[in-house]
Structures are given as C-alpha cells and as structure tokens.
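A structural walkthrough
This is what each chain is made of:
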Amino acid sequence: MNKKIALYLLITVLLATVSFAEAQGTPKVARIGFFVGGFAPAYASRIAAFRQGLHELGYVEGKNIVVEYRYGERKEERFPELAAELVHLKVDVIVTSSTSGVLAAKKATTTIPIVLAGVSDPVGTGLVASLARPGGNVTGLSLLAPELSGKRLELLKEAFPRISRVAVLQDPDNIANTLSFRETEAVAHALKVQVQSLAVQTPSDFEKAFSAITRGRADALITIRTPLTYSNLRGIVEFAAKNRLPAMYPDREFVDAGGLMTYGPVGEDLHRRAATYVDKILKGARPADLPVEQPMKFELVINMKTANQTGLAIPADVLARADKMIK
C-alpha cells in the first residue's frame, strides 16, 4: 500500500476515534421550555423552587440543561404563539402551570412531553384521560381546583358566619372555571348561602361586575382563577377592601397585594415536584405512563393588615389555623 495512503487512513481513523470519544464524553444538554401565563416577577419564588428541584436531581443550568422561559403576561391571545416558539426550539419538555397554556401547548405539539406544575382539574378539563393513566403527552400535578373552590367557601363562611350572599367572579367560557363554580354552588347549597355569579371575560366587565355586586348586596366575594382575574387582581382587591367585603382568593398573589384570605396548594412545592417529572421524562419515561399527582402541601394565608384596616374581625379559631399571616 502506498505510504501516503496508509498515513492518510491512519490519520482518518485516529480523528474519527477522537471525535467519537469526545462525543461520548460530552453529556447531552437537555432543553426545557418553561411557560407560564403571568409576569416574571410573580413567578420568581416558583421558578426558584423549580430550579432547586432540578439542582437536587443533578441538573445545572448552562451545563447539562437549558431552560427557555416564556411569559404570557396574562394575555391569553399570545399563548399559542409562545407555545409554538418552544416547539420550534425543539425543547425536550414543556413545563407550565396554566390550563390555557397547556391547551395552547397541546395544540402546538402531540409529541413533546408537557409537565403540569399545578393545573386545575386535568381530567375534568380534558387534558388527560385519567390521573392513573394520563395517556397522550401530558402529565404532572393537579391543583384540585374544583374541590378547593368548595373548601374556600367553607372557610369563608367559618370566618364570617353571618354571610348569606356571596358574589363569585369567574369566566363561564373557561371549562376549569365552570367546574370550580359548580363545586362552589354545591357547597353553597349545603351551607344555605346564595351565590351571585358574575362573568368577567374582558377588562371592561369588572366595573359592571362590581356594580352588580353592590346592587345585589352581596356580603362576601370569591374570585376564581383566570389570567384575566390575575391581570386585574389589584382592582378586585381594592374593590373588596373599599366595600369591606370578606373575600377569599385562589392564590397567594392576591393576598400579597392586599387581599384578605387565600387557601390552596403551595405553588413552590408543586414546581419543585414538577422537576421530578422532567427528570423521569429525560431518562426515558413516557408521560402517558406517569400518573398525575395531587398537591401535598396546602396553606391558609390571612392578611391581618387588611382585616384590621377594613374592620373585619376573624375568629380566633380560624386565625389559629392560618399557616401564614401578613401583618
């Protein structure tokens, strides 16, 4: 064999061997799409919990994992576009805590796994076939939203026994809201409380709803979770305080903004647990085979500063059950 050809072949084999060894020694960098419906600051603690969960499982951003963050900023019309962006980036997994976000992601892809970091009733909203066997490309954690809606009314009635007419802000076209409102109605019937349903589907609906609450002489208020109620949370909180209405909200953000009470799952815990789903999927598990889990940690948060400013007295036994109080 010609010496030049032999030398060429030897060099080629050596380069191929080195390239193969380098490829084998370089771990794959997984790409995660993290998609939420609100603004970044509101999710800071939950994102930190998600990152911590990943870190505990051996993932380090920029080293063996990259997270693409997308924020809907409470504009549902943008959700399909943001979901499509993540699909275009060919992420390995999409993580979201918004029912509307999941629906947008499901329309954008039927193959990329989608992990729920706490979503309202995934079975009732049609996101999964069942909790035990989700099927399809969606799995994760449920919020138990319908059941919790009834529990919130029970707590509100316990804190303010004299209430008899409760206004409920909701979006009747949102399937998750519909399920939650039905549960609220069922509990209201058992408690002999009248429910006044107020539809809020556009920003202009809030003033109409507030006027209807005043005319209807509601003596308490419950807000059901939607991107729109989130984007108008300060207006809702201010209306309740101005009218000295005992109010129960779906999430801690409302109480941090001056709302009176909230009861529900701890969002940070749900996001930390969502990291375990990401880990299992990256290691080869199929979303269809990973059961949907329910919340394990719940918290009752009461804003005592708001209670004192509005003159709303909360019984000592209810205060004793609070996990956190804002003073």
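Residues numbered from 1 in each chain as written. Predicted model: local features only at pLDDT ≥ 70, side-chain atom pairs only at ≥ 80, totals over all residues. Heavy atoms only, no water.

**Some points on the pairing of strand S10 (residues 261–265)**
Across the five residues of S10, five count as buried, placing the element largely inside the fold. With two bridges joining them, strand S9 (residues 247–249) and S10 adopt parallel strand pairing. Its bridge partner being in S10, Tyr 249 is matched across the sheet by Thr 262. Alignment of S10 against strand S11 (residues 298–303), held across five bridges, turns out to be antiparallel. Note that in S11 the partner of Met 261 across the bridge is Ile 302. (Buried < 20%, exposed > 50% of the residue type's maximum accessible area, 1.4 Å probe, protein only. Helix = DSSP H or I, 4+ residues; strand = E, 2+ residues; numbered from the N terminus. Pairing = 2+ DSSP bridges.)

**Some remarks on the pairing of strand S6 (residues 165–170)**
Burial runs high along S6: five of the six residues are buried. For the crossover from S6 across helix H6 (residues 175–190) to strand S7 (residues 194–199), the handedness is right-handed. With four bridges connecting them, S6 and strand S8 (residues 220–223) associate as parallel partners. Its bridge partner lying in S8, Val 168 is registered against Ile 222. (Right-handed = clockwise from strand over helix to strand, strands pointing away.)

**Let's talk about the environment of Glu 154**
Relative to the elements of secondary structure, Glu 154 occurs in helix H5 (residues 145–159). Residue classification places Glu 154 among the partly exposed residues on the basis of a relative accessible area of 36%. Those residues in contact with Glu 154 that sit more than four places away from it in its chain are Val 187 and Leu 191. (Contact = heavy atoms within 4.5 Å.)

**Points about the nonpolar core**
Nonpolar side chains tend toward joint burial in soluble globular proteins. Formed by 29 residues in total, the largest nonpolar core has its most connected members in Leu 156, Phe 160, Val 166, Met 261, Ile 302 and Ile 314. Contributions of two or more residues to this core are made by H5, S6, H6, S8, S10, S11 and helix H12 (304–310). For this core, the element with the highest residue contribution is H5, accounting for five residues. Those residues in contact with Met 261 that sit more than four places away from it in its chain are Leu 156, Ala 159, Phe 160, Ala 247, Met 248, Tyr 249, Val 255, Leu 300, Val 301 and Ile 302. (Core = buried A, V, L, I, M, F, W, Y, C linked by side-chain atoms within 4.5 Å.)

All we've got here are geometric facts, nothing functional implied.
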